[in-house]
Amino acid sequence: MKFWTSKGSAAEGIPTPDELKKSPGYPSLKSLQEGPVAIIECIEKIPCNPCETACPAGAIRIGSSITNLPALDEDKCTGCGVCISSCPGLAIFVVNLNYANGSALVSFPFEFVPLPKVGEEVAAVDREGKEVCKGKVIKILNKRKQNRTPVVSISIPKKYALVVRGISVNKNGSSKQNNSPKGRNNENKMRVLDHPILG
Amino acid sequence: MKRCDVIVIGSGPAGLSCSIEATGSRAEVILIDENGRPGGQLFKQVHKFFGSKQHKAGVRGFDIGLQLLEQVNKLGVNTLLNTVAYGIFEEKTVGIIKNEKIEMIQGKKILLATGAIENPIVFPGWTLPGVMGAGAAQTMINIHRVLPGKRFVILGSGNVGLIISYQLLQAGASVIAVVEAAPKIGGYQVHASKIRRAGVPVYTSCTIKEVKGGKEVEEVVIVKLDNSWRPIKSTERSLTADCVCIAGGLHPSIELAQMAGCTLGFSPELGGYLPTHNENMETTIQGIYVAGDTAGIEEASTAMEEGRLAGTDMAQKLGYLSQEKALGKKEEIRESLLALRSGPFACLSHRAKINILQAMKANRGE
Amino acid sequence: MLNITVDGKKIKAREGEMIIAALLNAGIRINRFTSKYKEPRGFFCGIGQCTDCIMTVSGIPNVRTCVTPVEEGMVVETQYGRGEWG
C-alpha cells in the first residue's frame, strides 16, 4: 500500500497518515481488507454531526457533544456510502480493496461540472490534487437525497487506494466551462453558464 | 408617522429570524433592507452548513434563505426593500429613504441586524481593478453568475477564503493559490482539504508583497514571512493571475448603533468594535437590540439564534409572550448557541461573548 | 436580455442584474479613473460601500454600479474624477 507525506493538517490542510490512523473515524487495515468500508477523514473538533444521523446502519457515532470526532463502528459499517454525500465537509470516502483482481474502488463526493461519464478514463488524484494513476469511472450516484453532492466511484490499482481521493478539476488553468455545450461566445465569455449547485 | 412594535433593520438571517419570532408572537414588525431582496449573505452560500439538525446542518445556505423567506411571507411580515435606514433618532425613530423620499417610522423596539463589512488588506497595487473583497467575488459568481476574472489568488485562509476558493472552482475559475500570513491555516481542515484535492496550493507564512499590472491585475508577487511575520528577502515568487480576493476577515457594521448612542466594546475575536449587549441581545440603550454579525462576527447559524433570542425578548417585554413561555424559549436558544460555540474554533467566540455580558453587567453597575 | 452601451459600445445584459455584472461579463473591469493621479479603479466591495465602482450612468455621475440594476438603453460611461452632470 502506498502512503502519502504531509507536514500535517494545520499547515497544509492535508492530514498525515498518522493523524488519520489515530482518528476514530479511520478503519483498521483488517476492516479495509474485508470489503467496502467508510473512511472518515475528519480530525478536527468542529460542531457538526449530520453523518451520525445519515448512516442507516448506525455505524457513525458522535454523541451529545457535537464537537466530538465521528467514530466509525467497523462491525456495523456496510460500506453503503450514504454518509459520503451527507458530510458538509466532503470528508467521507468509501474504499473497497476487494473490488476486483488488483483493483480497488474508491468512492468520493464530487461537486463540479461537468461530471465525468461512466466508463470514462480519468486522472485519479491524491490529496494534493496530483495525478497518481489513471482510473475508470464505474458509477455515479446523484439522487435527490444527496442534495446536489454527486458521489463518483472509480476503479484504480489497489496499491493507491489509501492515496487517491478524487479526480482532476479545472486542469491547467483552463476553465472546463469554455467548452460548455450551452453555447459560449464572445458575448458571455465570463458567464457562469453551468453551475454544479445552482444549475 | 408610521408606528409599529418592532423595527428590524437588515433582513439577513438574524433580521429574518427576529421578524419571524416577533411576528409569530403577534407583534407588529416592519422589516427594512437596503437591497432589492431579503436574505443578506445567505443566498451566496451554496455550500452545506455544519452544526446539528436543528441548526440545519447539511442544508445549503440559500435553501435556508428560502425557508426563512417562506416563513416571513406566510406570516405576512411588512417588508420594505430598497429602503435605506439612514439614522436612528430620539424615541426610537428611524429615518428611512424609500423611492428617493425620506420618511420617519417609530418603533417600540429596534433590532440592528446590519451585518458586517469586509476588512481591506493593503499592499502596493491593491487599488488595481481585479483586486476585490472575497465576499464581493462570491456575490458576482453565485448571485450574478459572472466571473470577475479567470485566475485567482486568495489572500487569507480562514473559512471565508477557503470556501470562496472552492466556490470559484465550482464556477469554473482557476485558483492559483491561497496565501496565508500565519504559519497555520485559519479555517477548518475539511474546507482546506477540499481545495487541496482540487490542486489548489496553500502557502502559509506567506503574504502578498505587491500586485502588478498596467491598468488591471496581471501579476501577484508573494513573499515568505519569518517567525516575526516579516518578509524574508529573496523569497519572492511571482504568480500569474488576474484577480486577487482579499479574505482578511470582517468587522461588524455598527454605524446605526453608534448614532443611537449604544456603548461599544472592542472584541478582537469577534471582529472589532461592537455594541455591548446583554444575554437577551439588548444594548445599553433600552429597547435597541443587536443580532448576527452586528453583534460580533460568527456564522449564519448563530445569527439566526441571536435573532430569535432578540425577537423572543422583545415579544415578552411588549406583553405578547408570557414570562414563562419566553424563559423556556430563551433557555432552548441559549443551549443551541452554546453547542454552536463549542470546540477549539468557536470557543474563542464563546469566551468573547461572555466578556461582552460581563462588560454589560459592569455598565449596569452590577 | 437587454442592451446597454458602455463608452459607446453596445453590450448585452441580463434583466435584473447589476450594471457591474454586465460589465464584468463583457470583460470590462475598469470603472473610473481618479481625479489627481488618473489611476484606474474597479469593483471592490460589491456591496455599495466603497464607491470604487462608480460610473456616470445616463448623465448622472457617481452611480454605484454594483448596487444599481441595468435598464434597457442605459448609457454607461467610464468616469474621470468626480464626473459631470448631464
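Residues numbered from 1 in each chain as written. Chains lettered and ligands numbered in written order. Predicted model: local features only at pLDDT ≥ 70, side-chain atom pairs only at ≥ 80, totals over all residues.

Caption draft 1: Region of interest: the domain arrangement of chain B. All names here are of chain B. Its domain assignment divides chain B into domain 1 (2-117 + 250-363) and domain 2 (120-246). For domain 1 versus domain 2, the distance between C-alpha centres works out to 31 Å. In this assembly, four residues from domain 1 lie in contact with six residues from domain 2. Residues of the side of domain 1 that touches domain 2, tallied by class, amount to two nonpolar, one polar and one charged. (Domains from an automatic or database assignment. Contact = placed C-beta atoms within 7 Å. Nonpolar A, V, L, I, M, F, W, Y, C, P; charged D, E, K, R; others polar.)

Caption draft 2: Broad picture of the confidence of the model for chain B. Averaged over every residue, the pLDDT of chain B is 96; the share at 70 or more is 100%. Scored as a complex, the prediction yields pTM 0.95 and ipTM 0.96. (pLDDT = per-residue confidence, 0-100.)

Caption draft 3: Here's a closer look at the sheet that holds strand β6 (residues 60-64) of chain C. Residues and elements named next belong to chain C. Within the open sheet, the five strands sit side by side as β2-β1-β7-β5-β6. Their pairing is mixed. A single partner strand is all that each edge strand has here, and the edge strands are β2 (9-13) and β6. For this sheet, the mean inter-axis angle between neighbouring strands, taken without regard to orientation, is 40 degrees. In terms of strand pairing, strand β1 (residues 2-6) meets strand β7 (residues 75-77) through two bridges, oriented parallel. Across the sheet, the residue bridging to Thr5 is Val75, located in β7. (Pairing = 2+ DSSP bridges. Helix = DSSP H or I, 4+ residues; strand = E, 2+ residues; numbered from the N terminus. Axes fitted to C-alpha atoms, helices over the stretch in contact; angles between N-to-C directions.)

Caption draft 4: The pairing of β2 of chain C, seen in detail. Residue and element names in this part refer to chain C. Of the strand pairs in this sheet, β1 and β2 are connected by five bridges, and their pairing is antiparallel. The partner of Ile4 across the bridge, within β2, is Ile11. Counting the residues in the hairpin turn of β1 and β2 gives two residues, including Asp7, whose phi is positive at 50 degrees.

Caption draft 5: Spatial organisation of the interface of chain B and chain A. Counting from both sides, the interface comprises 46 residues of chain B and, opposite them, 48 residues of chain A. Every element with two or more residues in the side of chain B that touches chain A is listed here: α3 (134-142), α4 (159-170), α5 (189-197), α8 (323-340) and α9 (343-363) of chain B. The element that contributes the greatest number of residues to the side of chain B that touches chain A is α5 of chain B, accounting for eight residues. In terms of residue class, the side of chain B that touches chain A is made up of 22 nonpolar, 14 polar and 10 charged.

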